[in-house]
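# Survey of secondary and tertiary structure
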Amino acid sequence: MNEISNKWIGKNTIRPDGADKVTGRAQYSSDTTMPGMIWGHVLRSPHPHAKILSINTKKAEELEGVKAVITSKDVVDFPIDTPVILGIQDMRWMCRNVMARDKVLFHGHPLAAVAATTEEIAEKACELIEVEYDVLPWAIEIDDAIKPDAPILHDHIQFEGKSSNIAGTLEHKKGDIDKGFSEADVIIEREFKTEAVHQGYLETHSCLVSVAADGRATIWSSSQGQFMVRAMTSYLTGIPQSNIRAIPAEIGGGFGGKTIVYLEPLATILSQKTGRPVKIVMNREDTMRASGPTSGSKSKIKIGATKDGKIVAAQGTYYLQAGAFPGSPIRGAVGCSLAPYDIPNAHTFGYDVVSNRCKVAAYRAPGAPIGAYGVESVLDEIAEKLNMCPLELRKINAAKEGTQAVHGPTYPQMGYLETVEAAINHPHYKAPLGKHQGRGVASGFWFNAGGESSAQLNITEDGNVVVTTGHPDIGGSRASIANITAELLGIHHDKVSVLIGDTATIGYSNLTGGSRVLFASAMVVTESAKLVIKQLKQRAAKIWGIDEEAIEWENGEARPAGDNAGKFAPLTLAELAEKATATGGPIGAGYQVNTEGAEGGFATHICDVEVDMDLGIVRVKRYTSIQDVGKAIHPDYVEGQLHGGCVQGIGWALSEEYIYNKDGHLDNTGFLDYRMPVCSDLPMLDTVLIEIPNPKHPQGVRGVGEVPLVPPLAAISNAVYQAIGKRSYSLPMSPPKVLKIIEGN
Amino acid sequence: MSDTQYLAAKTIDEAVNAHEKANGTARFLAGGTDLLVQIKSGIRKPNLVIDIKKIVELNSINEISDGEFEVGASVSGANLNRNLKFAKLWPGVLEAFRLIGSEQIQGRASLGGNLCNGSPAGDSVPALIAAGCKAVIAGPKGKKDVPIENFHLGPGKTVLENGEMLVSLKFPKREANSADAYLRMTPRTEMDIAVVGCGVNISLENNVCTHARVSLGAVAPTPLLIKEASDIMVGSKLDDDILNKVSKMCMDACNPINDKRGTIDYRTKVAGVLFKRATKLATDRIGGNK
Ligand SMILES: Cc1cc2nc3c(=O)[nH]c(=O)nc-3n(C[C@H](O)[C@H](O)[C@H](O)COP(=O)(O)OP(=O)(O)OC[C@H]3O[C@@H](n4cnc5c(N)ncnc54)[C@H](O)[C@@H]3O)c2cc1C
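Rules used in this analysis
All residue numbers refer to positions counted from 1 along the written sequence of the respective chain. Going through the entries in the order they are written, you letter the chains from A and number the ligands from 1. For a predicted model such as this one, the threshold for reporting local features is a pLDDT of at least 70, and the threshold for listing and counting side-chain atom pairs is 80 or more; totals across whole chains, interfaces and linings nevertheless cover every residue. The basis for every side-chain value is the complete set of heavy atoms in the structure, and neither hydrogens nor water enter the calculation. Bear in mind that the domain bounds are from an automatic or database domain assignment. Between two residues, a contact is recorded if the distance between any of their heavy atoms is within 4.5 Å. Buried area, as used here, totals the accessible surface that two parts lose on assembly, with accessibility defined by a 1.4 Å probe and the loss added over both. A pair is scored as a salt bridge if a Lys or Arg side-chain nitrogen falls within 4 Å of a carboxyl oxygen belonging to Asp or Glu. Strand pairing is assigned whenever DSSP identifies at least 2 bridges connecting the two strands. Here a strand is any run of E in DSSP of at least two residues, a helix any run of H or I of at least four, and the numbering for each starts at the N terminus. To get an axis, a line is fitted to the C-alpha atoms, and for a helix only the part in contact is used. The angle between two axes follows their N-to-C directions and goes from 0 to 180 degrees. We call a residue near a given molecule or strand whenever any one of its heavy atoms falls within 4 Å of it. Here a polar contact is recorded for every N or O atom pair within 3.5 Å, except that within protein the pair must consist of a potential hydrogen donor and a potential acceptor, and residues adjacent in sequence are included only if both atoms are side-chain atoms. Using the Shrake-Rupley algorithm and a 1.4 Å probe, accessible areas are obtained, with residue cover drawn only from the displayed protein chains. Think of it in three bands: with a 1.4 Å probe and only protein chains considered, a residue is buried below 20% of the maximum accessible area for its type, exposed above 50%, and partly exposed in between. Aromatic rings from Phe, Tyr and Trp, with only the six-membered ring used for Trp, were paired whenever their centres fell within 6.5 Å, and each pair was classed as stacked if the ring planes differed by under 30 degrees, edge-to-face if by over 60, and tilted otherwise. For a Lys NZ or an Arg CZ to count as sitting over a ring, it must be within 6 Å of the ring centre and within 35 degrees of the ring normal. Residues enter a nonpolar core if they are buried and are Ala, Val, Leu, Ile, Met, Phe, Trp, Tyr or Cys, with the set joined through side-chain atoms within 4.5 Å.

## So, the domain arrangement of chain B
Accessible area lost upon the coming together of the parts is a frequently used measure of interface size. All names here are of chain B. Entries for chain B in the domain assignment read domain 1 (5-51), domain 2 (57-170) and domain 3 (178-286). On a C-alpha basis, the centres of domain 2 and domain 3 stand 20 Å from each other. In this assembly, 25 residues from domain 2 lie in contact with 23 residues from domain 3. When the two sides are added together, the surface that domain 2 and domain 3 hide from each other amounts to roughly 1,900 Å², 59% of it contributed by carbon and sulfur. By the criterion of area lost to domain 3, the three top residues of domain 2 are Pro120, Pro126 and Ala130, representing 26% of everything that side buries.

Here it is in structure tokens:
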């Protein structure tokens, strides 16, 4: 490949979807309509836990305007004791999550769906469905779910020889933990608690599905992966994947929460039954009640260090809420929490706990913020006990190239230490603090991911470029792909158009998640560009009558490689495109591969807070995120990822939480009482992008989308401690809780 | 499928008659920022919605005599904010009103709607009570005035009977050296609901308090007037001792609930803190500091 001149890589070009989005023209999934379209509505459980004795849909079916009513009978069943794995999901849980079988397991659990000529009729018909329940005792909190006589959600799940709500465990071990603690001069052990929080995407779930008379289904929906939508819908309806076309809409936020389906299979079955296109839009209340969130947790962290600040042993035990079905992100807590450090003796253990809450979905760096919250808080206490700067403590223990991580791998070139040093040297870290203000720091790690990706790069007849990839663009990936394509082909950015294909027009591409999209897309786009450049050279060779090897591609032109090659005026991309028909036909190439080599990302954050000592209100006054981003292909959008993560972290730390009432119902299903921060709650957010290229990637890309949510919980908690002199061991640090801590009772 | 009828009334009589005839199934519509949300979520299902914004009396701001204001029940926050004289005389009422919602909400929301919605946490209500404001009500039996502190009967319940409509809010004539202030505690800086709200209205003469009214919101089933506060404050210099006493009084008057928005203990403490801060703010305003 050409030397990278970096004419476009690293430039803040205008995003291709920008104009449509700011003028309201962008097509989101609920903007889609079709002639003859009817509306679906989902009946949801009023109980947190109950046996379904019977469902009578007769009255609903008789209501004028109702076209079809479905229940779990209409959804493909997957026996509960046989795993059917699809990515990080298991279809036996997905099938029961989209439509309850035998039992409802949380308030809001779907158990029937109606299609009718209007939304109101569909809703009314749901009220007419008669369900007989045998209400069962329920467990919402982890402690209630794991106590000896807890109500059991799934009888077949066994733990230590008994039916249990502990659905799985995960463990990492390194060295000898007991020996490690015996060498420690200080040991701190603490327990922490966090609440379930929602991704808070502004666009709720919705879809339109049309199943034609020949059985072929077309799905328009908002998701983080059209291929995921196709696969899950295929599993749950029995329609072969080749007969399902899933078209990705623009997406109004996902943050991990749109990596599974809720509505698409139901709308597909309703459309199959009625022969009409069916649209379903979830309202905010149901979105909060029955989609997302990420786990609440409890954890215990124990860390030991020598007088000089060398960490000799670390131990973490995590219990994470999975919601009604197994699958909490224990991997993130168990695997990421100690990853920034070179620790000789370590042991982390996670429990996956089911309870009568809605099934959790991925949320930026799933599980990792929970893990980092405890570890980074305890490190803060150790630093204080050793009378050491908390960043110095992290510097002494920083993992480097060659360090073996607690979760297994040995690190290649990576930039954790650089983030710590940049934090130490940042003006923010030295700025004076006012009264009742405090400063906290914390670090974080996320694995990042590779996976399947496909691209097609075509040269248009007029010499422009269209690139198609298969991952929904959530954070500006189209703009970044355009930068890379322009760079590789040596052409102006304006000549490149980047589109997201649907499942029928581009090869399989794994979903947008794990901070994988630009890492993976850049790889397949790079390979496609290489193939296209080869074709362009071949065409020039043909025109000039010389060897392909005697031609080089530079600055968007084919040129003779040297004087020996002959004297020819360069041929531009446009000229070669114009002659394409005569020289062999259309120019274009695609590439698809399971990408590998995604290396982890590290960040260190600095946060200042001010506490109202009479009211317990915590306000964030200044925030700086420092991250090893590999290579910032489009710096604005990289910064956008850092900003977003830190805002979501501020919400998680201070004000967001799922609150269940005594009936086992979610009590805050709207944004009034589910308090995500608003703009005026936030300070200006500062970012520092450190670029230590990923050696395994052609442009040095590392995922950047998830690490930013890992450090904030502890950074904010550590800052509050500095401000008030007492520590909170649970989140959110809401005003009543903080006031109680200040008053010491 | 909605069977709701809509009527845009042009006169008070038309509105009152239509409401009376509907026999409890009608709702008045001012800005709709409470009502439409309630209809959409299924909490209210009125058969008739009577839009009152086209009635002149309800949508105007009158200065009856110098410093004496009557504000129509459906005047929006954005409109009241444009009246510079009102803003100068009643900064606390205006700041309470302006806390409601966002810029968009301010274009619609009214004092009348905030009051008639009956929420114990309505932000403008403690400020109106502290101001000594009266509700002017029109109904089948004619017009009457009710002090705001007597307007609420419980959460969602007001003195309004079938056919009765709030026409305006009558403010007492403003004396010199007076100011009011309203503060609320919310976890977020905006777009939130008061966990506690406190309105304070005072007059000073040579640093001695000559008039004082203190009101609390969100700490009891209805917004409260702390009557005894006036007795201690008037005649004093509002020194720390007095403020501590009244602060304690405010806390004693609280009868809040434990809910997702705040605990009894927390709300009670906050009431005492906000009283002191609001009094300081009002005092500073008289001194011309704010
Ligand atoms: C996003 C958002 C944020 C909000 N933030 C706040 C906040 O911070 N603080 C706060 O206190 N409130 C808040 N609210 C609630 C609401 O905006 C206020 O209560 C507002 O003042 C209501 O005024 P309105 O004119 O819109 O009332 P409407 O919705 O028109 O009416 C409210 C109720 O009063 C009745 N009514 C109205 N006028 C009369 C009348 N003249 N006579 C008899 N009955 C009448 C109606 O029938 C209805 O029951 C918020 C609402 C939203 C949607």
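Having seen the structure, we can now continue with the description.
## Topic: the domain arrangement of chain A
Residues and elements named next belong to chain A. For chain A, the assigned domains are domain 1 (18-25 + 450-595), domain 2 (32-136 + 203-252 + 258-290) and domain 3 (296-355 + 398-447 + 599-743). A separation of 38 Å is found between the C-alpha centroids of domain 1 and domain 3. Listed as interface residues are 14 residues of domain 1 and, on the opposing side, 15 residues of domain 3. Overall, the association of domain 1 and domain 3 removes approximately 1,100 Å² of surface from exposure, summing both partners, and the carbon and sulfur fraction of that is 62%. Together, Gly475, Ser515 and Phe519 form the three largest contributors to the area buried by domain 1 at its contact with domain 3, with a combined 40%. Our count for the domain 1 to domain 3 interface comes out at zero salt bridges.

## Side note on the sheet that holds strand E13 (residues 208-217) of chain B
One key point about sheets: their strands pair by backbone hydrogen bonds, in either a parallel or an antiparallel sense. Residue and element names in this part refer to chain B. Read from one edge to the other, the open sheet built from four strands follows the order E11-E12-E13-E14, with strand pairing classed as antiparallel. Among the strands making up the open sheet, the edge pair consists of strand E11 (178-185) and strand E14 (224-225). Inspection of the sheet shows strand E12 (residues 196-205) paired to E13 by nine bridges, in the antiparallel sense. The partner of leucine 204 across the bridge, within E13, is cysteine 209. Against the sheet, helix H8 (residues 124-131) engages E11, E12, E13 and E14, with an angle of about 150 degrees to E13.

## Observations concerning the site of the ligand
All names here are of chain B. What surrounds the ligand is a group of 31 residues, the closest being Phe28, Thr33, Asp34, Ser110 and Asp123. Within the backbone of glycine 31, one N or O atom sits 2.7 Å away from an oxygen atom of the ligand. At a separation of 3.0 Å, a nitrogen atom of the ligand approaches a polar backbone atom of glycine 101. When the free accessible area of the ligand is taken as 990 Å², the share hidden by the protein chains comes to 89%. Of all the elements in the fold, those that place two or more residues in the shell around the ligand are strand E2 (26-29), helix H7 (111-116) and strand E10 (165-170).

## Some thoughts on the interface of chain B and chain A
On the side of chain A, 24 residues touch chain B, which itself brings 18 residues to the contact. Of the roughly 2,000 Å² buried where chain B meets chain A, counting both sides, 58% is carbon and sulfur surface. The interface formed by chain B and chain A includes seven salt bridges. Among the salt bridges present, the one from Asp673(A) reaches Lys260(B), with a minimum N-O distance of 3.8 Å.

## Description of H8(B)
All names here are of chain B. Burial runs high along H8: eight of the eight residues are buried. Within H8 the residues assigned to the buried category are Ser124, Val125, Pro126, Ala127, Leu128, Ile129, Ala130 and Ala131. Glycine 132 lies just past H8 and shows a positive phi near 80 degrees.

## Observations concerning the environment of Thr4(B)
Residues and elements named next belong to chain B. Note on placement: threonine 4 falls in the segment before strand E1 (5-8). Look at threonine 4 and you get partly exposed, because its relative accessible area is 32%. A sequence separation of 277 residues divides threonine 4 from leucine 281, and the C-alpha atoms of the two residues are 46 Å apart. Discounting chain neighbours no more than four positions away, the residues touching threonine 4 are Pro46, Asn47, Leu48 and Val49.

## Thoughts on the sheet that holds E10(B)
Residue and element names in this part refer to chain B. Reading across from one edge, E4-E5-E10-E6-E7 is the order of the five strands in this open sheet, with antiparallel pairing throughout. Only two strands of the sheet have a single neighbouring strand rather than two, namely strand E4 (61-65) and strand E7 (142-147). Between one strand axis and the next, the sheet turns by 25 degrees as a mean value, whatever way the strands run. Helix H1 (residues 12-21) contacts strand E6 (134-139) and E10 of the sheet and is inclined by roughly 135 degrees relative to E10.

## Some remarks on the packing of aromatic side chains
For the coordinates displayed, the defined rule picks out 22 aromatic pairs over all chains. Between Phe86(B) and Phe171(B), the aromatic rings sit 5.2 Å apart at their centres with planes inclined by 80 degrees, giving edge-to-face as the arrangement. Of this pair, Phe86(B) sits in helix H4 (residues 84-89) while Phe171(B) sits in the loop between E10 and E11, placing them 85 residues apart in sequence. Positioned above the aromatic ring of Tyr319(A) is the side chain of Lys298(A), whose terminal nitrogen or guanidinium carbon lies 5.2 Å from the ring centre.

## Comments concerning the side chain of Thr469(A)
Residue and element names in this part refer to chain A. Within the secondary structure, threonine 469 is located in strand E22 (residues 465-469). Assessed through its relative accessible area of 1%, threonine 469 is described here as buried. Apart from residues lying up to four places away in sequence, threonine 469 is in contact with Ser454, Ala455, Ile481, Leu499, Ile500, Gly501, Ile506 and Val525.

## Things to note about the nonpolar core
Core analysis: the largest hydrophobic core is formed by 93 residues, its most contacted members being Ile303(A), Ile382(A), Val609(A), Tyr623(A) and Ile716(A). By residue number, the principal contributor to this core is helix H11 (residues 368-385) of chain A, which donates nine residues.

## So, the pattern of salt bridges
In this structure the tally under the stated criterion is 62 salt bridges over all chains. Among the salt bridges present, the one from Arg101(A) reaches Asp77(A), with a minimum N-O distance of 3.5 Å. Of this pair, Arg101(A) sits in the loop between helix H3 (91-98) and strand E6 (103-104) while Asp77(A) sits in the loop between strand E3 (66-70) and strand E4 (85-86), and the two are 24 residues apart along the sequence. The exposure class assigned to Arg101(A) is buried, which follows from its relative accessible area of 14%. With relative accessibility at 42%, the residue Asp77(A) sits in the partly exposed group. For Arg357(A), the salt bridge is made with Glu141(A), and the minimal N-O distance between the two is 3.4 Å. Of this pair, Arg357(A) sits in the loop between strand E19 (345-354) and H11 while Glu141(A) sits in the loop between strand E8 (130-135) and helix H5 (142-146), and the two are 216 residues apart along the sequence. Overall, the relative accessible area of 29% leaves Glu141(A) in the partly exposed class. What emerges from the salt-bridge pattern is a single network uniting Asp667(A), Asp673(A), Arg675(A), Arg188(B), Asp192(B), Lys260(B) and Arg261(B).

## Re the environment of Arg261(B)
Looking at where Arg261(B) falls in the secondary structure, it is placed in the loop between helix H10 (240-253) and helix H11 (264-286). Under the relative-accessibility criterion, Arg261(B) is labelled partly exposed at 23%. Remark: the alpha-carbon pair of Arg261(B) and Pro187(B), spanning 74 residues in sequence, is separated by 8.9 Å. Not counting chain neighbours up to four residues away, the residues in contact with Arg261(B) comprise Leu672(A), Asp673(A), Arg675(A), Ile193(B), Val195(B) and Arg267(B). A polar contact is formed between the side chain of Arg261(B) and the side chain of Asp673(A), at a distance of 2.6 Å.

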